[in-house]
Amino acid sequence: MAKISINMSTGSLQQEEMIVGIDLGTTNSLIAIIHPATGKPAVLREFDNSRLVPSIVHFGPGGTVSVGDEARQYLVTEPHNTIFSVKRLMGKSYKDVAPAAKYFSYDIIDDGTDNLVKVAVNGKFYTPIELSSFILKALKERAEHILKTPVNKAVITVPAYFNDAQRQATRDAGRLAGLDVLRIVNEPTAASLAYGIGLSREEEKVVAVYDLGGGTFDISILRISGGVFEVLSTHGDTYLGGDDFDRAILHHWMEALGISEAALEADKSLAQQLRLAAEEAKKALSSEEAWSGTIGDQPVTLNRKVFEELIAPLVNRTIESCRSALADAELTGADIAEVVMVGGSTRVPLVKEAVAKFFGRPVHNEVDPDEVVALGAALQADVLSGRNKDLLLLDVTPLSLGIETMGGLMDVLIPRNAKIPTKAGRQYTTQKDGQSGMRISVYQGERDLVQDNRKLAEFNLTGIPGMPAGLPKVEVSFLINADGILVVKAKELRSGVEQAIEVKPQYGLSDEQVEQMLLDSLQHAKSDIQQRALVEAQTEGRLLIETTRAFLVKNEGFVTPQELADTEAGIARLESLLAGTDKDAIQGAIEALNDISRPYAERLMDEAVGKAMRGKQI
């Protein structure tokens, strides 16, 4: 039993160590614990009763960083330096987010590749991992201020549809914030736990969790049996949420006020004013019939009937997702025992009515929809702390497992604390034309560079048919069976060439060594992730130089002398920086070289398309 004490000056509970539950949301984030006195989950509140931390990061003069309400005030006055909805960028490339890029007031870098997206602020380049870590660090400090005790361990929730890269990005963000992320939990599982669904080992039922947040929507169908939550199906839209309700209002007002898309693009401050007023109107119309306000000196109004007409197509899209999720699970509405509502956008009356009508039953919305996921995460944290024996915890992997990728980086396939048995896979490709083999090196550990982790095994996948770089598709899969044996397979999908090896990942490691490896990963998190970012930038730069030079050789005569001189200067500048350690300077040189080559690359593409279409009728 953990020892509890009270801080006499504040009345705050003190504990040796507490595992917190964190809901890292698109719009707001919050943190919850199991209250030691009551044994019930509770969201941590500041003295002013505030519990939600807006998921907003602002970069001020001299590199100062503010988060939450403090950052929110800069949305209108400094839109380029104020980052919001970063969860939508997690684990994504620019191509993934391009359709919605114009709605972000900050600069998302378009490098024309499948590399993970980056955000540029004041000449510095940030990944969504770094941006999310600022939010998590603010939550950690908030918890430590309220609890008057160090907070180093957490359970963090993610949408059920989050893929491997997005989950790993969330873990990395936690580690960078100084948190040992014990478990990544699906948001629908956490929400169900908060309603007490699945707490009993005898309970067997199927539940639907409808989660409509600020930026994302998902519907999950879960089967709960003996304390185990199984995701039967999940469906949704990573670009559908309260932000889109706001956008529907915004477009309605743009039409009424005669504001064009171009005007909005040119005036980011006006765009933010419209967005914030739309958000205010939406919230008011959950309880009132009409709202009025001003944008600049222009009066704007909205009533509930018009609002519901504007958002009806969006709500219908969520219902279609519900229909698809049921079909994927091979179930009907009659099979669903409970419907749980999650996310601030479920406060909209039309949403509640539509969901209840579709499932043919009243919905669970008694718990605050903003808090429900964090409360469930706290319950899961309680299980991991060993205090709650009612929920079943399957055996877990003690350390992360992954392979070495370019630049000596560790690419995690199975994160630490993953339940076993488990499996994971990811596709890789070759870096050189005609490359016939690939070395697969398997590592165990939490550090970003493989040299700091423990090597478990290595084998060569040979016989890959000669193809241009980037064309082969090599799938590396990890499978851990119930005995903790790891089977690693590598298969080239086009030719069917395959190789496998069996490893015992825990062999030879004591509990003390595992703890030391975890401690090292937290102590070196900042330098590790900085080093990873530098290596990634260097690798990206070298590949860009190679592909640019190959393009110039192949298309000699197509590029003008001035373009050729500019390109050579851009390559020379990038090459000079690659030997250094300034990640932002390298990234800036990469962007500059991309800007130089883009016009003639596009010109060549247009000409090729023109030739292909010549003589064809449309």
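Note that the structure is predicted; figures quoted are calculated from it, not measured. (Residues numbered from 1 in each chain as written. Predicted model: local features only at pLDDT ≥ 70, side-chain atom pairs only at ≥ 80, totals over all residues. Heavy atoms only, no water.)

(A) Examining the sheet that holds strand β10 (residues 107-108) more closely. Reading across from one edge, β10-β11-β12 is the order of the 3 strands in this open sheet, with antiparallel pairing throughout. Both edges of this open sheet fall to β10 and β12 (124-126), since each of them pairs with a single strand only. As defined by bridge partners, strand β11 (residues 119-121) adjoins β12 across 3 bridges and the pair is classed as antiparallel. Across the sheet, Ala-120 pairs through a bridge with Phe-125, a residue of β12. Across the sheet, helix α4 (residues 128-147) lies against β11 and β12, angled at about 80 degrees from β12, the strand it touches most. (Pairing = 2+ DSSP bridges. Helix = DSSP H or I, 4+ residues; strand = E, 2+ residues; numbered from the N terminus. Contact = heavy atoms within 4.5 Å. Axes fitted to C-alpha atoms, helices over the stretch in contact; angles between N-to-C directions.)

(B) Examining unusual backbone geometry more closely. Unusually for a residue other than glycine, Lys-148 sits at a positive phi of about 55 degrees. Residue position: Lys-148 is located in the loop between α4 and β13 (153-158). We classify Lys-148 as partly exposed; its relative accessible area is 30%. If you check the backbone angles, Glu-330 has positive phi at about 55 degrees while not being a glycine. Structurally, Glu-330 is set in the loop between α10 (304-328) and β20 (338-342). Look at Glu-330 and you get exposed, because its relative accessible area is 72%. (Buried < 20%, exposed > 50% of the residue type's maximum accessible area, 1.4 Å probe, protein only.)

(C) Summary view of the sheet that holds strand β28 (residues 498-503). Within the open sheet, the 4 strands sit side by side as β23-β26-β27-β28. Their pairing is antiparallel. The sheet terminates laterally at β23 (422-428) and β28, the two strands that pair on one side only. Adjacent strand axes in the sheet meet at a mean angle of 15 degrees, parallel and antiparallel pairs treated alike.

(D) Main features of empty space enclosed by the protein. The tally for this structure, following the rule as stated, stands at 5 cavities of 30 Å³ or more. Space inside the second largest cavity adds up to approximately 110 Å³. Grouping the amino acids of the lining of the second largest cavity by side-chain chemistry returns 4 nonpolar, 4 polar and 4 charged. (1 Å grid on protein atoms, 1.4 Å probe; cavity = no way out; pocket = protein on both sides within 12 Å on 5 of 7 lines; lining within 4 Å. Points joined across faces, edges and corners; volume = space filled by probe spheres on them. Nonpolar A, V, L, I, M, F, W, Y, C, P; charged D, E, K, R; others polar.)

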